[in-house]
Amino acid sequence: MRQKHIDLPADQQINRWYNVIADIPNGLAPPLDPATGQPIGPDKMGAIFPMGLLEQEMSGERWIDIPEEILDIWQIWRPSPLIRATFLEEALGTKAKIYYKYEGVSPSGSHKTNSAVAQAYYNKREGVKRLATETGAGQWGCALSFAAQKFGLDCKVYMVRVSYDQKPYRKVMMNAYGAEIVASPSPDTPTGREILARTPDTDGSLGIAISEALEDAVSRDDTKYALGSVLNHVCLHQSVIGLEAKKQLAMVGDYPDVIIGCCGGGSNFAGLAAPFVPDKLEGRKLRLLGVEPTSCPTLTKGSCAYDFGDVSQRTPLLYMYTLGHNFMPPGIHAGGLRYHGMAPVISALMRENLMEAVALHQLECFEAGTLFARTEGIIPAPESCHAIRAAIIEATREPNRPQTILFNLSGHGLLDLSSYEKYFAGQLENYELPDAAIAEATKNLPKL
């Protein structure tokens, strides 16, 4: 009988994060102070982040120890299982072996909890009382709400309006963990009020929600800001995913030919793929494939340039693939993939040709997610459906060619059933961002 469930023994729990920055050829371009155009230091960023996270953000160390307090909470769901998709393989008629790392076993239902716990810990350690954050699909908001509760912190979440309306039970989960949630743009911040006055029926965006959360954080002495993706320290925290997967594959004597993850801000893809980068640099034949929606094609059609991470231009300038900080994405149901920028770490991997990217349509991804649910039994989050679709494409391109495919099932879709309901009712449609819209969105990139 084929081994389906590969569980890493608890005594082999990962206790160090892997920092891929140490191994990226030519390194990362530094974040810049928009006021001066010069590299920004921790003194200015200290207004919104605790020093422990800033040290990680700027670290060039290859390995960073994970504090015991984080590992203790992680034991609730880590190590997460590596599962071979044997029933999906049979349905596809492929000789490929397909494995998925299942991050939906965390309390909030996604990989986001890995970094949320770490961020809450470092804020608590430095005396912070309250966290402000944004959330797209609601997964990060749920994760940080849980983590804040574990460390006795208050939490306010600015949730992108379209997801606030589409995913009501995400709000209920955040409330259950004790957080306060408002739809973004909201009347609670200057940016929110200005946008509502101008476009009261807007769907909102992650760029707007980030601006609101930042304004909240800097307006109070007891509050810091927490970000669920994009930044170096977030990708660092997620490296536990790939480190576990390497050990689990070794337990069954296997190694991937292709590694796949959906890409919004980039943290779940980085978490799975980054620990394999040293192998690729040493000559191992290995493809790293990021998957994004055609409606928000940051990697496949965006510009690699310095840009702000938010609409109100409060963040440092990050060198990344971007569609422009004013980009307003369509209201697709994979809300976690509706961000204009890509993590600098992922952008650097693209720059160095260490990874590739593909953009997929919404309907084909929901079709793939439905097939996965009917074969493997797990209903995947709409974001994860992109990785599943890409895995299916890889497995069926040459169905008689033996290969090993690994993808990150970054979250379950049990709180996204309204999206599936609309898919089954034929109420969803594909949307491919026109080139003219991309040109318009990127024409106001900062001039340096």
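Residues numbered from 1 in each chain as written. Predicted model: local features only at pLDDT ≥ 70, side-chain atom pairs only at ≥ 80, totals over all residues. Heavy atoms only, no water.

Across all of its chains, the model carries 16 aromatic pairs by this definition. A ring pair is formed by Phe 146 and Tyr 177, whose centres lie 5.5 Å apart and whose planes are at 65 degrees; its orientation type is edge-to-face. With a gap of 31 residues between them, Phe 146 in helix 6 (residues 139-150) and Tyr 177 in the loop between helix 8 (168-176) and strand 8 (180-184) connect regions that are remote in the sequence. By relative accessible area, which is 7% here, Phe 146 ends up buried. Through a chain of ring-to-ring contacts, three or more aromatic side chains come together here, namely Phe 366, Tyr 420, Tyr 423 and Phe 424. We note Arg 284 situated over the ring of Tyr 255; from NZ or CZ to the ring centre the distance is 3.6 Å. (Phe/Tyr/Trp six-rings, centres within 6.5 Å; stacked < 30°, edge-to-face > 60°. Helix = DSSP H or I, 4+ residues; strand = E, 2+ residues; numbered from the N terminus. Buried < 20%, exposed > 50% of the residue type's maximum accessible area, 1.4 Å probe, protein only. Lys NZ or Arg CZ within 6 Å of the ring centre and 35° of its normal.)

For the peptide bond that leads from Arg 78 to Pro 79, omega is -5 degrees, which places it in the cis range. Tracing the chain through its elements places Pro 79 in the loop between helix 3 (68-74) and strand 4 (82-84). The omega torsion across Ser 184 and Pro 185 is 5 degrees, close enough to zero to call that bond cis. Summarising the element assignment, Pro 185 is placed in the loop between strand 8 and helix 9 (190-198). In the Ramachandran plot, Asn 353 falls in the positive-phi region, its phi being about 60 degrees despite a non-glycine side chain. Mapped onto the elements of the fold, Asn 353 is located in the loop between helix 15 (344-351) and strand 14 (356-360).

With parallel pairing, four strands are arranged side by side in an open sheet as 8-7-6-9. Looking along the sheet, the strands with just one partner apiece sit at the ends: strand 8 and strand 9 (223-226). The sheet shows a mean angle of 25 degrees between the axes of neighbouring strands, direction not considered. On the sheet, helix 6 packs against strand 6 (130-135), strand 7 (154-160) and strand 9 and is oriented at approximately 165 degrees with respect to strand 6. Helix 8 rests against strand 6, strand 7 and strand 8 of the sheet, and its axis sits at about 170 degrees to strand 7. (Pairing = 2+ DSSP bridges. Axes fitted to C-alpha atoms, helices over the stretch in contact; angles between N-to-C directions. Contact = heavy atoms within 4.5 Å.)

All right, on to the pattern of salt bridges then. As enumerated under the stated definition, the model contains 27 salt bridges in all. For Asp 279, the salt bridge is made with Lys 246, and the minimal N-O distance between the two is 3.0 Å. Residue Asp 279 is found in helix 13 (residues 277-281), and its partner Lys 246 is found in helix 11 (residues 232-251); the two are separated by 33 residues along the sequence. Take Lys 246: its relative accessible area is 27%, and that puts it in the partly exposed class. Where Glu 440 meets Lys 443, a salt bridge forms, and the shortest distance between an N and an O atom there is 3.0 Å. (Salt bridge = Lys/Arg side-chain N within 4 Å of Asp/Glu carboxyl O.)

By volume, the largest pocket is sized at about 400 Å³. Surrounding the largest pocket, 28 residues form its lining, Pro 31, Glu 57, Leu 231, Asn 232 and Leu 318 being those nearest its centre. If you list the elements that add at least two residues to the lining of the largest pocket, you get helix 10 (206-218) and strand 13 (318-322). By volume, the second largest pocket amounts to about 200 Å³. Around the second largest pocket, the lining is made up of 13 residues, and of these Lys 44, Ile 48, Arg 314, Thr 315 and Pro 316 lie nearest the centre. Counting only elements with at least two residues in the lining of the second largest pocket, the list comes to helix 1 (42-45) and helix 10. Classifying every residue of the lining of the second largest pocket gives eight nonpolar, two polar and three charged. (1 Å grid on protein atoms, 1.4 Å probe; cavity = no way out; pocket = protein on both sides within 12 Å on 5 of 7 lines; lining within 4 Å. Points joined across faces, edges and corners; volume = space filled by probe spheres on them. Nonpolar A, V, L, I, M, F, W, Y, C, P; charged D, E, K, R; others polar.)

The biggest cluster of nonpolar side chains holds 74 residues, and the ones touching the most others in it are Trp 17, Ile 70, Trp 74, Val 117, Ile 346 and Leu 406. In this structure, Cys 365, Phe 366, Ala 390 and Ile 405 belong to the second largest nonpolar core, which totals 30 residues. (Core = buried A, V, L, I, M, F, W, Y, C linked by side-chain atoms within 4.5 Å.)

What follows covers empty space enclosed by the protein. Unoccupied space between atoms shows up once a probe the size of one water molecule is rolled over them. A full pass over the atoms with the stated rule returns five cavities of 30 Å³ or more. In this structure, the largest cavity is lined by 30 residues; those nearest its centre are Lys 112, Leu 206, Ser 229, Gly 265 and Gly 336. Elements with a minimum of two residues in the lining of the largest cavity: strand 6, helix 6, helix 10, helix 12 (267-273) and helix 17 (382-397). In the lining of the largest cavity, the residues fall into 11 nonpolar, 16 polar and three charged. Estimated volume of the second largest cavity: approximately 60 Å³. Around the second largest cavity, the lining residues are Tyr 18, Asn 19, Val 20, Ile 21, Asn 232, Cys 235, Leu 236, Ser 239, Ala 270, Ala 274 and Val 345.

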